[in-house]
2 protein chains.
Amino acid sequence: MTSRLEALCLEKGLKMTGQRRVIAQVLSDADDHPDVEEVHRRAALIDTRISIATVYRTMRLLEDVEVIERVDLGDGRARYEEASADHHHHLIDTRSGRIIEFASPELEAIKERIAHDLGYKIVGHRLEIYGVPLDDAGADGQGANGAGPNGAGPNSAGKEQ
Amino acid sequence: MTSRLEALCLEKGLKMTGQRRVIAQVLSDADDHPDVEEVHRRAALIDTRISIATVYRTMRLLEDVEVIERVDLGDGRARYEEASADHHHHLIDTRSGRIIEFASPELEAIKERIAHDLGYKIVGHRLEIYGVPLDDAGADGQGANGAGPNGAGPNSAGKEQ
DNA sequence: TTGGGATTGCGAACGGTTTGCAGTATGATG
DNA sequence: CATCATACTGCAAACCGTTCGCAATCCCAA
Ligand SMILES: [Mn+2]
Ligand SMILES: [Mn+2]
Ligand SMILES: [Zn+2]
Ligand SMILES: [Zn+2]
């Protein structure tokens, strides 16, 4: 049974080996932002004979052909997610480690304008927000209120990890 | 002669050693974003007897007491700059490596609103833009035009590195 | 089915950073 | 101003995520 990502790999003309199929499977199933060790761990559940080196190599390969995207969340290691049509950023809950995805057209527009005004064309950018839940033991008042009306994107709800 | 940062360190109650004084000097003089090796290199010009380990330890210390700030510009190593009152971000010229600082109140406001709407209080954030000069061999048209009227901050001109 | 280039597993090497340890300096105290 | 406990330093080894060389293996086009 070919996974979503395996199909993508075939389209890109990649040679499909057993380990690549397993990794593609793992990444297709994932809805979080696993690092290489985590991918390896999950892959090992399906097929024990996959080395971490191969996972590293495959992640790089998949990144190169833009099947997955590298995410830098500030902890030491590289994390990955399926390359998706909808660009987004991450808010990291520093208390729980939970990761919430968001998108903001306004923010992107401003960013674009800033670069342009400085005489630059954007070739990439990175934005992460680190925060703590408002309703927790927050020093600053304000009650909790669900995701609001602003451009906060496709998934105002959040994935974890 | 006590440097600006040395004075700050004294205020914070840090024990001032010879090597710390030299490092404080180097950082006071710097107007770019040196990594640890670069700080060590510059420090060695003033006093040859400073080990890289001490520089690492001192940078961490100064970061902890908020005399300097760590900057992550995407290359492997940590870079640093003097902690300043005016918050800003960086646009990295991927062709030249030049680093341009900018600030944008609108951008900060939107970021604030996004987090709030998601139910979070911001404790930190990170934003970098990678770009290439518009007037270079840009594929996408538009002539060059200097820094514009938008909130692009305190130093629309740029520092290098 | 075969053959050769691509891929794998292993361990060693990498680059940036941290750390254990023994020796040295600092600055508080008398 | 001398003394001393403590904090700091240099060195080298360890660390952590990641890459790489190499020989063995696999994939897939012919
Ligand atoms: Mn994501
Ligand atoms: Mn800066
Ligand atoms: Zn964006
Ligand atoms: Zn900001």
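Just so we're clear, the structure is a prediction, and the values are computed from it rather than from any experiment. (Residues numbered from 1 in each chain as written. Chains lettered and ligands numbered in written order. Predicted model: local features only at pLDDT ≥ 70, side-chain atom pairs only at ≥ 80, totals over all residues. Heavy atoms only, no water.)

(A) Here's a closer look at the overall build of chain A. Counting secondary structure elements, chain A contains five helices and five strands. Here chain A holds 161 residues, and 43% of them are scored as buried. Taking as baseline every contact in chain A between residues at least 6 positions apart, the subset at least 24 positions apart corresponds to 53%. Per element, the accessible surface of chain A, about 8,200 Å² overall, is 49% carbon and sulfur. (Helix = DSSP H or I, 4+ residues; strand = E, 2+ residues; numbered from the N terminus. Buried < 20%, exposed > 50% of the residue type's maximum accessible area, 1.4 Å probe, protein only. Contact = heavy atoms within 4.5 Å. Areas by Shrake-Rupley, 256 points an atom, 1.4 Å probe, with all protein chains shown as cover.)

(B) Quick peek at the coordination of the manganese ion (ligand 2). Residues and elements named next belong to chain B. The protein atoms that coordinate the manganese ion (ligand 2) are His33 (NE2), Glu81 (OE), His88 (NE2), His90 (NE2) and Glu101 (OE), at distances spanning 2.0 to 2.2 Å. Between consecutive donors of the manganese ion (ligand 2), the numbers of intervening residues give the motif H-x47-E-x6-H-x1-H-x10-E. In this pair, His33 is assigned in the loop between helix H2 (18–29) and helix H3 (36–46) and His88 in the loop between strand S2 (79–82) and strand S3 (89–93), connecting sequence segments 55 residues apart. As far as the burial class goes, His33 and His88 line up, both buried. (Donors = N, O, S within 2.8 Å, 3.2 Å for Na, K, Ca; no water.)

(C) Structural context of the nonpolar core. Residues Leu91 of chain A together with Leu91 of chain B are the most contacted members of the largest nonpolar core, which totals 24 residues. Secondary-structure elements contributing two or more residues to this core are strand S4 (99–102), helix H5 (105–117) and strand S5 (120–133) of chain A together with strand S4 (99–102), helix H5 (105–117) and strand S5 (120–133) of chain B. If near-sequence neighbours (up to four positions away) are discounted, Leu91 of chain A is found in contact with Arg98, Ile99, Ile100, Phe102, Ile129 and Gly131 of chain A together with Ala115, Leu118 and Tyr120 of chain B. (Core = buried A, V, L, I, M, F, W, Y, C linked by side-chain atoms within 4.5 Å.)

(D) Main features of the protein's contact with DNA strand D. The local shell around DNA strand D holds 20 residues, among which Ala78 of chain A together with Gln19, Arg49, Thr54 and Arg57 of chain B are the closest. The sugar-phosphate portion of DNA strand D accounts for 73% of its atoms within 4 Å of the protein, the bases making up the rest. Within the backbone of Ala78 of chain A, one N or O atom sits 2.8 Å away from a phosphate oxygen of DNA strand D. For the surface near DNA strand D, a count of residues per class yields six nonpolar, five polar and nine charged. (Near = heavy atom within 4 Å. Polar contact = N/O pair within 3.5 Å; in protein donor to acceptor, adjacent residues only side chain to side chain. Nonpolar A, V, L, I, M, F, W, Y, C, P; charged D, E, K, R; others polar.)

(E) Focus on the environment of Gly76 of chain B. Residue and element names in this part refer to chain B. Following the sequence through the fold, Gly76 ends up in the loop between strand S1 (68–71) and S2. The class for Gly76 is exposed, based on a relative accessible area of 82%. Sequence separation between Gly76 and Ala7 is 69 residues, and the spatial gap between their C-alpha atoms is 31 Å.

(F) Inspection of the protein's contact with DNA strand C at higher detail. The immediate surroundings of DNA strand C are formed by 20 residues, with Gln19, Arg49, Thr54 and Arg57 of chain A together with Tyr56 of chain B found nearest. Counting only the atoms of DNA strand C within 4 Å of the protein, the fraction contributed by sugar and phosphate is 73%. One of the side-chain N or O atoms of Arg60 of chain B is found 3.4 Å from a phosphate oxygen in DNA strand C. Residue contributions to the surface near DNA strand C peak at four residues, all from helix H4 (residues 52–64) of chain B. The residue makeup of the surface near DNA strand C, split by class, is six nonpolar, five polar and nine charged.

(G) View of the environment of Ile50 of chain B. Residues and elements named next belong to chain B. Residue position: Ile50 is located in the loop between H3 and H4. Remark: the alpha-carbon pair of Ile50 and His40, spanning 10 residues in sequence, is separated by 7.5 Å. Not counting chain neighbours up to four residues away, the residues in contact with Ile50 comprise Gln19, Val22, His40, Ala43 and Val55.

(H) Region of the structure containing the side chain of His88 of chain B. Residue and element names in this part refer to chain B. For His88, a relative accessible area of 13% gives the class buried. Reaching out from His88, the side chain makes a polar contact with the backbone oxygen of Asp86 at a distance of 3.3 Å. At a separation of 3.2 Å, a polar atom in the side chain of His88 contacts the side chain of His90.

(I) A look at the coordination of the zinc ion (ligand 3). Residues and elements named next belong to chain A. At the metal site, the zinc ion (ligand 3) is ligated by His87 (NE2), His89 (NE2), Glu108 (OE), Glu108 (OE) and His125 (NE2), and these contacts range over 1.9 to 2.6 Å. Sequence spacing among the residues donating to the zinc ion (ligand 3) works out to H-x1-H-x18-E-x16-H. Pair noted here: His89 is in strand S3 (residues 89–93) and His125 is in strand S5, with a separation of 36 residues, a long-range link. You can call His89 buried: its relative accessible area is 5%.

(J) Representation of the sheet that holds S4 of chain B in the model. One open sheet holds the six strands; their spatial order is S4(A)-S3(A)-S5(A)-S5(B)-S3(B)-S4(B), and the pairing between them is mixed. Edge positions in the sheet fall to S4 of chain A together with S4 of chain B, since each has one partner strand and no second. The mean angle between the axes of side-by-side strands here comes to 20 degrees, regardless of whether they run parallel or antiparallel. With four bridges joining them, S3 of chain A and S5 of chain A adopt parallel strand pairing. Each residue of the ladder has a partner; that of His90 of chain A, found in S5 of chain A, is Glu128 of chain A. Packed onto the sheet, H5 of chain A meets S3 and S5 of chain A together with S3, S4 and S5 of chain B and runs at close to 135 degrees relative to S5 of chain A. Along the sheet, H5 of chain B makes contact with S3, S4 and S5 of chain A together with S3 and S5 of chain B, crossing S5 of chain B at roughly 135 degrees. (Pairing = 2+ DSSP bridges. Axes fitted to C-alpha atoms, helices over the stretch in contact; angles between N-to-C directions.)

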